[in-house]
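Here is what each chain is made of, one letter per residue.
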Amino acid sequence: MHDPQHPLFFRSRPLSSWLFAALAATATACVSPSSSLAASETDTPQWRSVLHYTPQRNWMNDPNGLVYYKGLYHLFYQYNPHGNFWGDMSWGHATSPDLIHWNEQAVAMHANSTEEVFSGSVVADTRNASGLGTAKAPPLVALYTSVYKTGSGHEAGVQAQSLAYSTDDGKTWQQYARNPVLTLNPESRQFRDPKVSWYAQGGYWLMTAVVADAHVVKLYRSDNLIDWTFLSDFTLPDVPHHGALWEMPDLFALPLDGDPARQKWVMIVNVNPWSIAGGSGAMYFVGQFDGTRFMPDDVAPAGSDPAQYQWLDHGADYYAAGTFSNAPAGKALTIGWMSNWDYANHVPTSPWKGAMALPRELALKTIDGEPRLTSVPVQSCAALVRQSARTYIHKIDLSSATRELASSVHGAVRNIDLTIRPGTAQRAGLIVRGSATGNTGTRIFYDARRQTLIVDRSRSGNTWFSGAFSREHIVNLPLHGGKLHLQVVIDQNSVEVFADDGRTVMTDLIFPSFDDNRIRLFADGGDATFNDIVLSEPS
Ligand code: FRU
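Rules and cut-offs
Residue positions are counted from 1 within each chain, in the order its sequence is given. Only residues with pLDDT of at least 70 get local features here, since the model is predicted, and only at 80 or more are side-chain atom pairs given and counted; chain-wide, interface and lining totals rely on the full set of residues. To get the side-chain values, take all heavy atoms of the structure and skip hydrogens and water. UniProt positions are given in the numbering used here, feature names are shortened, and annotations may be inferred rather than shown by experiment. Two strands are counted as paired when DSSP detects at least two bridges linking them. Counting from the N terminus, the helices are the DSSP runs of H or I reaching at least four residues and the strands are the DSSP runs of E reaching at least two. Any two residues whose heavy atoms approach within 4.5 Å at even a single point are treated as in contact. What makes a nonpolar core is a set of buried Ala, Val, Leu, Ile, Met, Phe, Trp, Tyr and Cys residues whose side-chain atoms join them at distances within 4.5 Å. A 1.4 Å probe rolled over the protein chains alone gives each residue an accessible area, and that area as a share of the maximum for its type sets the label: buried under 20%, exposed over 50%, partly exposed in between. When the centres of two rings from Phe, Tyr and Trp lie within 6.5 Å, Trp using its six-membered ring, the rings pair. Their planes under 30 degrees apart give stacked, over 60 give edge-to-face, and anything left gives tilted. A ring is scored as having a charge over it whenever the NZ atom of a lysine or the CZ atom of an arginine sits within 6 Å of its centre and within 35 degrees of its normal. Each residue gets a pLDDT score, which is the predictor's confidence in that residue and runs from 0 to 100. By convention in this text, a residue qualifies as near a molecule or strand provided that one of its non-hydrogen atoms is within 4 Å of it. Any pair of nitrogen or oxygen atoms within 3.5 Å is treated as a polar contact; in protein, a donor-acceptor pairing is required on top of that, and neighbouring residues in sequence qualify only through side-chain atoms on both sides. Just so you know the grouping, Ala, Val, Leu, Ile, Met, Phe, Trp, Tyr, Cys and Pro go in nonpolar, Asp, Glu, Lys and Arg go in charged, and all remaining residues, Gly too, go in polar. Here the positive residues are Lys and Arg and the negative ones are Asp and Glu; neither His nor the chain ends is included. By definition, a salt bridge exists where a carboxyl oxygen of Asp or Glu is found within 4 Å of a side-chain nitrogen of Lys or Arg.

Named according to an unreviewed UniProt entry, the protein chain is Glycoside hydrolase family 32 protein originating from Paraburkholderia azotifigens. Per its UniProt entry, the protein chain bears the Sequence similarities (unreviewed entry) comment "Belongs to the glycosyl hydrolase 32 family."

Written as structure tokens, this is what we have:
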């Protein structure tokens, strides 16, 4: 609780604005059913994502309870049913057959007079080990954080892990009668974000949860999802970010370079603030897990800065990332919240606030001699891109110049694949969501002298809604063979950049004018070549 930016510090807005937010209308969205309310003047349909999940209305943060079950992906999420600001935390719910087309469902778990419902996870208890379903109709089981209120019988503000279950495939949820199932009170009041997975080697359920302000991930095991036994703590010998919070941990195994004989374990720890791009972000560690303890292969030396750690994403807007339980073919599929606690509460969208980043598939690959996570958009997204109308440009040479692409390829929702050879240019890249005059646009480019990839949103549209909206994000990225492949996904209010097959990813929110939709290529201070440019309009 040291960070004044953290949501736990925010107070509710005055009743008038609460009422306004509740009554505010909705805009259209491809991903969700249309609303019966009329649009209001303050609505911002121009920033409603087409490819990314957004709730019809109101506030959303972390993805929760990511589970694949009976042919559907379930996305639960931190949600305020009553307003377009953080508060009254509940679990919203959406389902999708393919991780791209989502259907918003009824709120799954509501905050009530005794507690709020913070983040957590869902697993399919297929053997009915909890006894909360039947052998024939096993339950879905959610482990989540209860945040107690006055009158609950618990000390107000204390966080503990609770259980809920569903016997109708996730539609409705029943609180377990003897909650909480796990508490650290009075030792800790900031114990939260339980993530449960099946540990096949040991034949038991594994839980990771954080003591947020102590920078500790606690590991537990259980046979029935109700009774939990402590296994071990994971922390850093020299925590480089005192005052920051650890949130939303996740521990899972992946084969290194696709070889099942070389399995490694990955621990994701979301940290706020102290991210590589400022504010909140998702770091990870690679190592071994022996059934009790997670041991990272190596940890940055004392006094290291964020650049010496590994990050799932180097943009400003990727947080609370976690993996799906029970994903087909054991894939590591992730969703992250596309925002940043530095300014999330001020994001100028209405009547909703909060979007999820594109679902991604993680892999562990040897890169520069080290095991590193790569992340690329999930296959169904790639298929959507392949199926949509496409324009192919074999080659464009630029010599200290900017070239606007044909108006036929302009747009606010685009997938752009291209290979950049910076050659003698000092900087080479593209500008998306550009204005007719060229004065505004989001620049994604390679700086050859510094060997860095940069997303510059300093002139991307509305940047003034918050003083904490960072302008430029930079990642070190030496070229292989003098070239760089980029996949750039632009949606109504975001850019996601996947460099060299997901070796480096950058996700940034932007708030451009609706008609700023031009795409330009540029080379500064020399000659650059752009090859195999493919533009498509996935929808
Ligand atoms: C992360 C987080 C979690 C918490 C939830 C509250 O963004 O702070 O630690 O459970 O959001 O909404």
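Further notes follow.
Spatially, the four strands line up as an open sheet ordered β5-β6-β7-β8, and their pairing is antiparallel. Among the strands making up the open sheet, the edge pair consists of β5 (115–124) and β8 (174–175). In terms of strand pairing, strand β7 (residues 159–166) meets β8 through two bridges, oriented antiparallel. Within β8, the residue paired with A164 across the bridge is Q175.

Moving on, we come to the environment of V432. By the element assignment, V432 lies in strand β25 (residues 427–434). Once the C-alpha coordinates of V432 and P377 are considered, the two residues, 55 residues apart in sequence, prove to be 19 Å apart. Not counting residues within four places of it along the chain, the set of residues in contact with V432 comprises I416, G441, T442, I444, I490, V495 and R518.

Turning our eyes to something else, we now look at the sheet that holds strand β4 (residues 103–109). Taken together, five strands build an open sheet; the order of strands is β4-β3-β2-β1-β20 and the sheet is mixed. Because the sheet does not close on itself, it has two edges, and the strands there are β4 and β20 (352–353). With six bridges connecting them, strand β1 (residues 58–69) and strand β2 (residues 72–79) associate as antiparallel partners. Residue pairing in the sheet places N64 in a bridge with F76 of β2.

Right, let's talk about the nonpolar core for a bit. Y53, L75, Y77, W102, F324 and M356 are the most contacted members of the largest nonpolar core, which totals 38 residues. At the level of secondary structure, the elements contributing two or more residues to this core comprise β1, β2, β18 (319–323), β19 (332–337) and α2 (379–387). Per-element accounting of this core gives the leading share, four residues, to β2. Membership of the second largest hydrophobic core comes to 33 residues, among which are I416, L453, I510 and I533.

In the numbering adopted here, UniProt assigns the feature "domain: Glycosyl hydrolase family 32 C-terminal" (unreviewed entry) to residues 386–534. End C-alpha to end C-alpha, residues 386–534 measures 10 Å, and it is 1% helix and 56% strand.

If you walk through the whole model with that rule in mind, you get 32 aromatic pairs. Ring geometry for W59 and W337: centres 6.1 Å apart, planes at 65°, overall edge-to-face. Pair noted here: W59 is in strand β1 and W337 is in strand β19, with a separation of 278 residues, a long-range link. Plain terms: the ring middles of F76 and W91 are 5.6 Å apart, the flat faces sit at 40° to each other, and that makes the pair tilted. Here W91 lies in strand β3 (residues 90–96) and F76 lies in strand β2, a separation of 15 residues in the sequence. Among the aromatic residues, those joined into a ring-pair cluster are F234, W246, W274, F285, F294, Y309 and W311. Note that R48 overlies the ring of W352, its terminal NZ or CZ placed 3.9 Å from the centroid. In this structure, R221 is placed above the aromatic ring of Y204, and the distance from its NZ or CZ to the ring centre is 3.7 Å.

Per-residue confidence for the protein chain averages 92 on the pLDDT scale, and 93% of its residues sit at or above 70. Segment residues 1–37 is flagged for pLDDT under 50; beyond a separation of four residues in sequence, or across chains, it makes 86 contacts in the model.

It is worth spelling out the site of the ligand at this point. In the vicinity of the ligand lie 13 residues, with D62, Q78, R192, D193 and E247 positioned nearest. For the ligand, an oxygen atom lies 3.1 Å from a polar atom in the side chain of N61. A distance of 2.8 Å is found between an oxygen atom of the ligand and a side-chain nitrogen or oxygen belonging to E247. Those elements giving two or more residues to the shell around the ligand turn out to be β1, β5 and β9 (191–199). Of the residues assigned to the shell around the ligand, the class counts are five nonpolar, four polar and four charged.

Looking at where S188 falls in the secondary structure, it is placed in the loop between β8 and β9. Here the side chain of S188 touches Q190 through a polar contact of 3.0 Å, landing on its backbone nitrogen.

So, on to the side chain of D417. Relative to the helices and strands, D417 is located in strand β24 (residues 414–421). Despite its burial, D417 pairs with no opposite charge, the nearest such side chain being R390 at 6.5 Å. A distance of 3.2 Å separates a polar atom in the side chain of D417 from a polar atom in the side chain of H485. With residues near it in sequence (within four places) discarded, D417 still touches H485, L486, Q487, D532, I533 and V534.

Judged from the five bridges that link them, strand β11 (residues 216–222) and strand β12 (residues 229–234) form a sheet pairing that is antiparallel. Across the sheet, residue K218 finds its bridge partner in β12, namely D233. Connecting β11 to the antiparallel partner β12 that follows it, the hairpin turn spans six residues, and L225 within it adopts a positive phi of roughly 70°.

For the rest of this paragraph, the subject is the pattern of salt bridges. Inspection of every chain in the model, using the stated rule, returns 22 salt bridges. Taking the shortest distance from any N to any O, the salt bridge between E361 and K331 comes out at 3.8 Å. Residue E361 is located in strand β21 (residues 360–367), and its partner K331 is located in the loop between β18 and β19; the two are separated by 30 residues in the primary sequence. Residue class for E361 comes out partly exposed when judged on its relative accessible area of 22%. Here the salt bridges do not stand alone but share partners, grouping R192, D193 and E247 into one network.

Another point: α2. Among the residues making up α2, those that are buried are C381, A383, L384 and V385. As for α2, its buried residues are in contact with β22 (370–377), β23 (390–404), β24 and β32 (518–536).

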